[in-house]
Structures are given as C-alpha cells and as structure tokens.
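Architecture and fold: a report
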Amino acid sequence: MKYKDTILVEVCRIMIPVIQLFSIYIISHGHLSPGGGFAGGAILGCSFIITHLVFGRTYIRKIINGNIIMKGMSISLIFYGLMKGYSFLSYDLHLPKIPTGTPGNIFSAGLILPLNIIVGIVVSLMMYFTFSLFLDGEI
Amino acid sequence: MELFSIIMLISLIVFSISISIVKDLLSTIIVFMVYSLIMAVLWQQLNAPDLAITEAAVGAGVTTFLFIAALKKIKGENK
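Residues numbered from 1 in each chain as written. Chains lettered and ligands numbered in written order. Predicted model: local features only at pLDDT ≥ 70, side-chain atom pairs only at ≥ 80, totals over all residues. Heavy atoms only, no water.

What to know about the packing of helix H4 (residues 66–93) of chain A against helix H5 (residues 112–136) of chain A
Residue and element names in this part refer to chain A. Running from amino to carboxyl end, H4 crosses H5 at an angle of 150 degrees, the nearest separation of the two axes being 9 Å. Taken together, the axis directions place H4 and H5 in an arrangement best described as roughly antiparallel. Relative to H5, the crossing made by H4 is left-handed. Residues Ile69, Met70, Gly72, Met73, Ser76, Phe79, Tyr80, Met83 and Lys84 of H4 pack against Pro114, Leu115, Ile118, Val119, Ile121, Val122, Leu125, Met126, Tyr128 and Phe129 of H5. For the contact of H4 with H5, the class distribution of residues is 16 nonpolar, 2 polar and 1 charged. (Axes fitted to C-alpha atoms, helices over the stretch in contact; angles between N-to-C directions. Helix = DSSP H or I, 4+ residues; strand = E, 2+ residues; numbered from the N terminus. Parallel < 35°, antiparallel > 145°, perpendicular 65-115°, else oblique. Left-handed = near helix turned anticlockwise from the far one by under 90°. Contact = heavy atoms within 4.5 Å. Nonpolar A, V, L, I, M, F, W, Y, C, P; charged D, E, K, R; others polar.)

The structure is reproduced here in structure tokens:
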C-alpha cells in the first residue's frame, strides 16, 4: 500500500515534522493554554496515521510495532497510577508536597505537566493502534 | 452575532444536506470532513478554543481516516 504520487510524498515529508512539533507544543503547554494531553495526543496519532497511509506499512513498522505500543502504554499507565496515587495519599500520610513553581512557567502546576505528557503518549499510541487494527487486522 | 458566523452556520446546513444527497461515498467523506472543519472554526468563534483543537484533530482527522479505511475495505470486498 505505497502511493507513488510525488506531490503527496514531498508535502508529507515537509509537513509531518511540523505536525509532530505542534502536537508536542500543545501537550507541553497544556496547563498554560488551550489544549492538553488528549488534543495533542490525537494530533500526534494523526501524524502516525498519515505516515502509515503515505509511506507504507513496512516503513512505519520500523518505528512503531506492537511491542513498542504495548511497552509504551503499559509503562505510561504504571507512571500514571504512581503519580495519581501519590497525590491521593500524600494528603493523608503527610508526604512531602510537589513544589509548584511560579504561575506562567513551563515547570509549574505540580503534577499536571507529567500527567499531560503521559496522557498524550497513551492517546497517540491508542489512535494509531485502533487505525492499524482496523485497516490491516493486525498490529 | 457577526456576519461571519452566520455565513458559517448557513454553510453548515448546506453541507449537512449535501452529505445525504451526494451518491459518491468518497465525496461524502470529504464533505463530512469540511463540515467538521467549519464546526471547529465555529467553536473558535464561540470562545471555546480547547474544543476547537479537539474537534479539528478528532473530527477532521481521525474520523476521516477511519472512514477512508472502511471505504477501502468495502471496495476491496466488491472487486
């Protein structure tokens, strides 16, 4: 499933890094501006889907395969559970609080930035997983 | 309401009627994508930029790709 259209391939070669950079911007500024983990992750998953559609299945399998998807989602969910559990238990057990920087900086608002990054990873891999399962019947 | 939003709303009605009229399935998918994109502009006009980003990513991106994948499966079965 490889399209030989020159315009499509060249435009995607220029635009896909821009799309991924914009999605990383939306994820990392999720606590300061509109957007967040789900919206940025959906855009990142869209860039993976475009890569699959334009450059073919064998090209994207070198970057993302089933092993990477399972490991990425599992490790992300483990860290999500650890962070949410810490913020849930730290009030009762008097654990040290997460420092909240000055409002407006990137490294502020405590645990919201790592949680946004984790949600972005999970959503992007899930979008690509659903599409690949739907198109090829396997991952 | 501004004139721009009124034009957008009228074009939404036109697109949603034309989705049910057009016979070609690929054209229907593309018109549906344009409908979703205009909906994203309208969310921006209504001061909801968070919803506009999500609508543009999910409604115009992922849904279109899933519809195109389904259309490819359907045509492969027939031919």
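Regarding the packing of aromatic side chains
All names here are of chain A. Within the structure shown, the criterion is met by 5 aromatic pairs over all chains. Seen in terms of ring centroids, Phe55 and Tyr59 are 5.4 Å apart; in terms of plane orientation they differ by 40 degrees. Their pairing is tilted. Exposure remark for Phe55: the relative accessible area of 13% places this residue in the buried category. Residue classification places Tyr59 among the partly exposed positions, given a relative accessible area of 39%. (Phe/Tyr/Trp six-rings, centres within 6.5 Å; stacked < 30°, edge-to-face > 60°. Buried < 20%, exposed > 50% of the residue type's maximum accessible area, 1.4 Å probe, protein only.)

Observations concerning the confidence of the model for chain B
In this model, chain B carries an average pLDDT of 86, and 94% of its residues clear a pLDDT of 70 or more. Helix H3 (residues 49–78) of chain B is the least confidently modelled element of chain B, averaging 82 in pLDDT, while helix H1 (residues 3–21) of chain B averages 90, the highest of any element. (pLDDT = per-residue confidence, 0-100.)

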